[in-house]
Structures are given as C-alpha cells and as structure tokens.
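# A look at the structure
Read off the chains here:
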Amino acid sequence: MHARAGCWSGEESAARALAALFRRLVHVEDPATPPIRRRARMADLCADDPAAALAERLIQARLLVPDGDGPDGAPAAARCGPGDGRLVDVAHEALLTHWGQLHDWIEKRRDALRLRGQLEREVRDWLRGGCLTGDLRSAERARDMSAALTALDLDPSEEERAFLDPMARAPWLLGRDLAAWEAVGRPDDGLWGAERFLGFVDPVPLAAPPADAPAAGPGLAGTPPLLPAPTAAQRDFLERSFALTLACHPQDPKCRTDCGKALAALGDPRFDPDHWWLPTDETLGFREVGAGPFLMGSPHGEGWPDEWEQHERVLPGFCLARWPVTVAQFRAWAADPDRGGPAVDPLSLEGRANHPVVQVSWHQARAYCTWLGERLAAVAPARAAAATAAEAPGFWAAIAAGRLRAGLPSEAQWEKAARGTDARQYAGGDTLDPSLANYQQTRLGAPCAVGCFPLLGQGPYGCEDQNGNVWEWTRSLWGPDYMKTQFRYPYEPEDGREDEDAGDDLARVLRGGAFSNDSLNCRGAVRARNYPHYRNGNCGFRVVWSPLL
C-alpha cells in the first residue's frame with residue numbers, strides 16, 4: 001500500500017485523496033479504543049479526481065467493498081462519481097492499523113473523528129426528537145464539533161449546521177416548520193410554542209460577528225437578527241406563534257417574557273423596519289381614546305395625597321401608542337443625521353430591540369416625538385388613502401390635515417387611557433398580580449419586551465404596559481419642589497402645568513410604575529416626578545397624537 005500512494009502526482013495530492021476517502025470511512029468511539037470501519041456513500045467519498053482514482057484502485061484491490069453495481073448497472077469497479085449512490089465499506093479493519101500512512105493520518109485526527117461521530121449521532125437524535133432545545137449542546141461544545149469538521153476538511157450538512165449554530169438554526173427551523181404548518185392547513189398546533197422560542201434566548205453564534213457587522217436592528221445591541229430578511233409568510237408565522245404562546249402561558253410571565261427576548265433575537269415581526277420599527281398595524285401602533293369625561297385621581301384617603309381629590313375631567317379624543325417607545329424605535333431616531341435635538345446617551349441604545357427604551361431624559365423623549373411626528377405627517381396622505389381598518393383612515397387624514405400633533409401625553413391623557421371611564425385602579429381592573437404586569441412581585445428584575453401582558457393587562461382602549469415595566473414621562477409639570485407638587489388637583493390644563501417650554505428647575509410627572517415598584521405604586525393614578533435632565537434604567541415614554549385646540 002505504501003507503493004500505491006506514489007501513483008498520484010505528488011505526496012500532497014495523495015494525502016488529500018486519502019483524507020477525502022477515509023474521513024468518512026473511519027469511526028473513533030473514544031481515545032482508548034482502536035478505530036473501526038463505517039459505511040459511506042460512494043458519491044460522498046469521490047469529492048475530487050484524486051479521491052475518485054484512489055477509490056477505484058482500492059476497489060480493484062478489494063480493499064474497499066461497494067454494496068452493488070455502479071450507476072446504470074456499471075460494474076462495481078467502474079469509475080465512481082457524484083451520481084454513485086452505492087454504499088462502500090473498508091474490507092477489513094486491519095487496513096486501518098496496518099497501512100502506515102492511513103494509521104498516521106487517523107492518529108493525528110483521532111479526536112476530530114471521535115467528535116465527528118458524536119455530532120452525527122447527536123444530530124440524528126435531535127431530528128428524531130423533534131429538534132428540541134433541550135437536545136442542543138453548549139456553545140463551547142458546538143465550537144469543538146465545528147472545529148473537528150474543519151480539521152477533517154468536511155462541510156457540515158444543513159442539519160448539522162442548524163444543530164451547531166443558532167444563526168443557521170433559526171432560518172432552517174423556521175423554513176421547515178412553516179412548510180409543515182402550511183402543508184396541513186395552518187392549524188394552531190403547528191405553530192411554534194414556548195419550547196421553540198426559548199431556544200433563541202441570548203443565542204451565542206458559532207462564530208463571532210465581523211467587526212463591521214451592522215450595529216442597528218432588532219436583536220441585541222450591536223447584534224444583527226437571526227432572521228435578517230424574513231418573508232411575509234415567515235413574519236406571519238412568527239407573530240401568530242408568539243400570540244399563541246402568550247395565550248397558552250397566562251400564569252407564567254417568566255416564560256412569556258423570555259419568549260419576548262427570543263423574538264428580539266430572531267427579529268420581532270410585530271414591528272416594521274420600513275417605518276422606523278413602529279408596529280405593523282394600519283395605525284402603526286396608535287390606539288384611539290374617545291372624547292368625553294373620566295374620573296381622574298383617587299378618593300381622599302386612598303393612594304397618595306397628591307392624587308386627591310378624585311374629580312371628573314373631560315378630554316377631547318386623542319391617539320396614544322399601544323406600547324412604550326422601544327429601543328429599536330429610539331435607535332432609528334438616534335441614527336438619523338438630520339434629527340436635531342439633544343445628544344444621545346449611548347446607554348439608551350443598549351437594550352434589546354423590542355424592549356422599552358430607558359436612560360432617556362425628558363428632552364430626548366420630547367425630541368423623539370417631534371421627529372416621529374414629522375415623519376408620520378409625511379406619509380399620512382398615502383396611508384389615509386390606503387387604509388382599510390375602521391379607525392385608520394380618520395387617524396391618518398387628521399394627521400395629514402394638521403389636526404393632530406405628536407408629543408408626550410399629558411398626565412390626564414395618560415391616566416384616561418389606562419383607567420378608562422370607570423376609574424379602575426389598573427389597566428386590567430382593580431387588582432394586580434404577576435400574570436398582568438411586570439412589577440416587583442413578578443420578580444423579573446428588569447424591563448421586558450413590550451406586549452408580553454396583552455390578555456388581562458390591556459387597558460380599556462387597547463394600550464398595554466401601563467402598569468409596571470418602566471415609568472413613562474408625560475409633558476405635565478410637577479413643580480420646583482420634588483417633595484410637594486405645585487400643581488394639585490383638580491387638574492386644570494390652563495394653569496401652566498402643560499407648559500412644554502418651562503425651565504429645567506421644574507420637575508415633570510412620570511406615570512405607570514416600573515418593574516421594581518410594588519402594586520401600590522403601579523396604579524393608574526400614581527404621580528411620580530423627576531427633573532427633565534433625569535435618566536434612569538427604569539424610565540421611558542410613549543407617544544400621543546393630540547388635537548390642536
């Protein structure tokens with residue numbers, strides 16, 4: 001056998017041919033046992049001409065044994081090629097130890113061969129088990145297996161690549177599951193559940209992203225999404241899957257919010273990258289709050305003294321954002337060279353894309369609202385003409401005609417959207433528990449993705465996340481004394497409390513509570529405050545479209 005290796009043009013070519021053949025024909029179970037034979041497809045062995053020539057000679061010498069005739073009935077010793085579907089085996093395992101050149105090659109790659117075999121076995125088990133997250137391996141283990149394939153000059157199969165790398169797993173699994181779902185008529189039980197989503201929480205790519213990878217997008221800060229360009233069908237599948245997952249886990253906020261993290265990593269389909277990452281519905285996420293009276297504040301003796309006395313207030317209609325402004329939306333403003341306004345705190349751009357932006361001052365929040373208003377006014381005429389949902393044409397027509405202005409909500413607007421006309425304590429009713437909101441008792445310890453509490457935590461007008469998660473800036477003034485408000489109830493907008501140009505020595509009102517607050521301080525009537533320059537990891541905001549009076 002040593003002499004035959006010299007029949008090819010150069011030792012390098014011979015070594016390459018030997019590797020191409022035997023990397024698939026040799027199995028190593030563990031470091032202490034001899035290598036054993038394994039069968040392989042002839043087409044996989046004959047990767048290039050030297051390998052094909054070596055295979056032919058070994059078959060002629062009866063050292064390789066194919067399981068039948070060649071393609072189209074050709075004799076077994078016929079030249080192998082890409083169309084050859086026969087299985088081939090080493091004639092005797094003694095060849096693996098007695099052919100010196102092959103023995104040396106195996107010993108140098110013993111660990112790589114062992115890992116390759118383990119990878120194949122684990123991928124088979126993963127596929128048979130339904131591709132469950134629990135059957136995957138750690139990032140370190142995946143890198144070791146990938147390195148083993150590289151050492152053997154083997155390209156991973158699609159299934160192996162999906163098993164090893166979440167960047168490949170996401171599109172592979174989504175394509176596979178979407179096709180299966182459509183083939184059986186798109187039933188709910190064919191959608192992704194929590195188990196699928198949880199496999200993409202804090203994914204660790206097999207290879208680090210290049211230094212020039214885009215920093216923006218709907219993943220972790222500085223990380224491109226796992227699905228950079230999903231089709232409309234894929235977006236629909238993911239959005240339906242997430243909605244069903246929320247509905248199936250009403251008492252498990254940790255599961256729901258972890259699935260929200262996964263949606264950020266995948267690329268959240270609820271948001272439109274072509275429209276500043278706003279929600280994809282026809283009003284881009286704004287909910288109409290009808291004109292009329294509501295009860296503002298708390299009865300004497302309930303809540304905090306600055307909420308007294310409860311009184312009736314009449315407001316014109318307005319449209320409030322369904323969710324607080326997200327990190328991705330705020331990034332769109334920060335990245336616009338023509339945006340104007342105050343400098344951006346880099347900390348505000350570091351969160352997950354579908355989480356509420358924090359570390360935002362009142363001035364930054366106001367500047368974002370102005371910027372967004374200008375952009376939506378530019379598209380309003382076209383959207384008014386194209387809209388079909390009941391409320392959408394009027395919303396866009398009012399913006400196009402200049403009858404609505406974007407800004408921060410007054411505290412009266414914010415409270416009516418949260419409490420409705422029945423003076424409920426919380427958006428979903430008069431009680432709060434961890435299934436309804438992200439607050440202290442939910443024990444998440446941080447902001448979560450917007451929209452993870454939609455079923456019973458939604459307000460009377462369809463706005464969400466108004467209890468807990470993050471405090472939200474309003475445009476309303478509190479006054480110069482942090483401990484005592486200058487602007488008490490009854491709420492009178494004409495008394496100067498809605499002066500948007502007041503100095504920074506006057507604190508502004510924040511509403512809603514945050515993940516770190518107890519239920520008392522997440523009520524819809526609670527009035528917090530801070531000065532306009534204030535930034536914190538639990539303060540964000542949402543946008544309102546108000547009528548020009």
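Figured I'd write up the structure that's included with this text. In this text, all values refer to a predicted model and were calculated from it rather than measured experimentally.

## Observations concerning the pairing of strand E17 (residues 544–547)
By the bridge criterion, 2 bridges tie strand E11 (residues 318–321) to E17 in an arrangement that is antiparallel. Each residue of the ladder has a partner; that of Cys-319, found in E17, is Trp-545. Examined bridge by bridge, strand E12 (residues 404–407) and E17 share 4 bridges and lie antiparallel to one another. Bridge assignment links Ala-406 to a residue of E17, and that residue is Trp-545.

## Some remarks on the environment of Leu-113
Structurally, Leu-113 is set in helix H6 (residues 110–128). Relative accessible area serves as the criterion here: at 0%, Leu-113 is assigned to the buried category. In the structure, Leu-113 is positioned 87 residues away from Val-26 in sequence and 7.5 Å away in space, judged by C-alpha atoms.

## A closer look at the side chain of Glu-498
Relative to the elements of secondary structure, Glu-498 occurs in the loop between strand E13 (471–479) and strand E14 (507–511). For Glu-498, a relative accessible area of 16% puts it in the buried group. Here the side chain of Glu-498 touches Arg-475 through a polar contact of 3.2 Å, side chain to side chain. Filtering out sequence-adjacent residues up to four positions away, Glu-498 remains in contact with Ser-410, Arg-475, Ser-476, Tyr-491 and Pro-493.

## So, the sheet that holds strand E4 (residues 64–66)
Within the open sheet, the 3 strands sit side by side as E3-E5-E4. Their pairing is antiparallel. Each end of this open sheet is capped by a strand with a single partner; those strands are strand E3 (40–41) and E4. Bridge count between E4 and strand E5 (residues 87–90): 3 bridges; the pairing is antiparallel. Residue pairing across strands places Leu-64 opposite Val-90, the latter belonging to E5.

## A look at the packing of aromatic side chains
Under the counting rule described, the total for this entry stands at 19 aromatic pairs. Relative to Phe-237, the ring of Trp-181 has its centre 5.2 Å away and its plane inclined at 70°; by these criteria the two rings are edge-to-face. Placement of the pair is Trp-181 in helix H9 (residues 166–183) and Phe-237 in helix H11 (residues 232–248), with a sequence separation of 56 residues. The class of Trp-181 is buried, set by a relative accessible area of 1%. Look at Phe-237 and you get buried, because its relative accessible area is 0%. Consider the rings of Phe-271 and Trp-323, whose centres lie 5.5 Å apart with planes at 55°: the pair is tilted. Residue Phe-271 is found in strand E6 (residues 271–272), and its partner Trp-323 is found in the loop between E11 and helix H13 (327–335); the two are separated by 52 residues along the sequence. The pair formed by Phe-271 and Trp-323 is uniform in burial state, with each residue classed as buried. An aromatic cluster of at least three residues, connected via ring pairs, comprises Trp-181, Trp-192, Phe-197, Phe-200, Phe-237 and Phe-242. Of note, Arg-270 hangs over the ring of Trp-323, and the distance from its end group to the ring centre comes to 4.9 Å.

## Section: the sheet that holds E14
Backbone hydrogen bonds hold the strands of a sheet together, and the pairing may be parallel or antiparallel. What the 4 strands build is an open sheet, ordered E15-E14-E13-E16; its pairing is mixed. Whereas interior strands pair on both sides, the edge strands pair on one side only; in this sheet they are strand E15 (528–530) and strand E16 (539–540). Direction of pairing for E14 relative to E15: antiparallel, over a ladder of 3 bridges. Bridge pairing links Val-509 to Arg-529 in E15.

## So, H13
Note that an α-helix has 3.6 residues per turn; residues three or four places apart therefore point the same way. The element H13 is extensively covered by neighbouring structure, given that 7 of its 9 residues are classed as buried. Regarding H13, the residues found buried are Val-327, Ala-328, Gln-329, Phe-330, Arg-331, Ala-332 and Trp-333. Packing partners of the buried residues in H13 comprise E6, strand E7 (278–279) and helix H14 (362–386).

Rules of the game
- Residues numbered from 1 in each chain as written.
- Predicted model: local features only at pLDDT ≥ 70, side-chain atom pairs only at ≥ 80, totals over all residues.
- Heavy atoms only, no water.
- Pairing = 2+ DSSP bridges.
- Helix = DSSP H or I, 4+ residues; strand = E, 2+ residues; numbered from the N terminus.
- Buried < 20%, exposed > 50% of the residue type's maximum accessible area, 1.4 Å probe, protein only.
- Polar contact = N/O pair within 3.5 Å; in protein donor to acceptor, adjacent residues only side chain to side chain.
- Contact = heavy atoms within 4.5 Å.
- Phe/Tyr/Trp six-rings, centres within 6.5 Å; stacked < 30°, edge-to-face > 60°.
- Lys NZ or Arg CZ within 6 Å of the ring centre and 35° of its normal.

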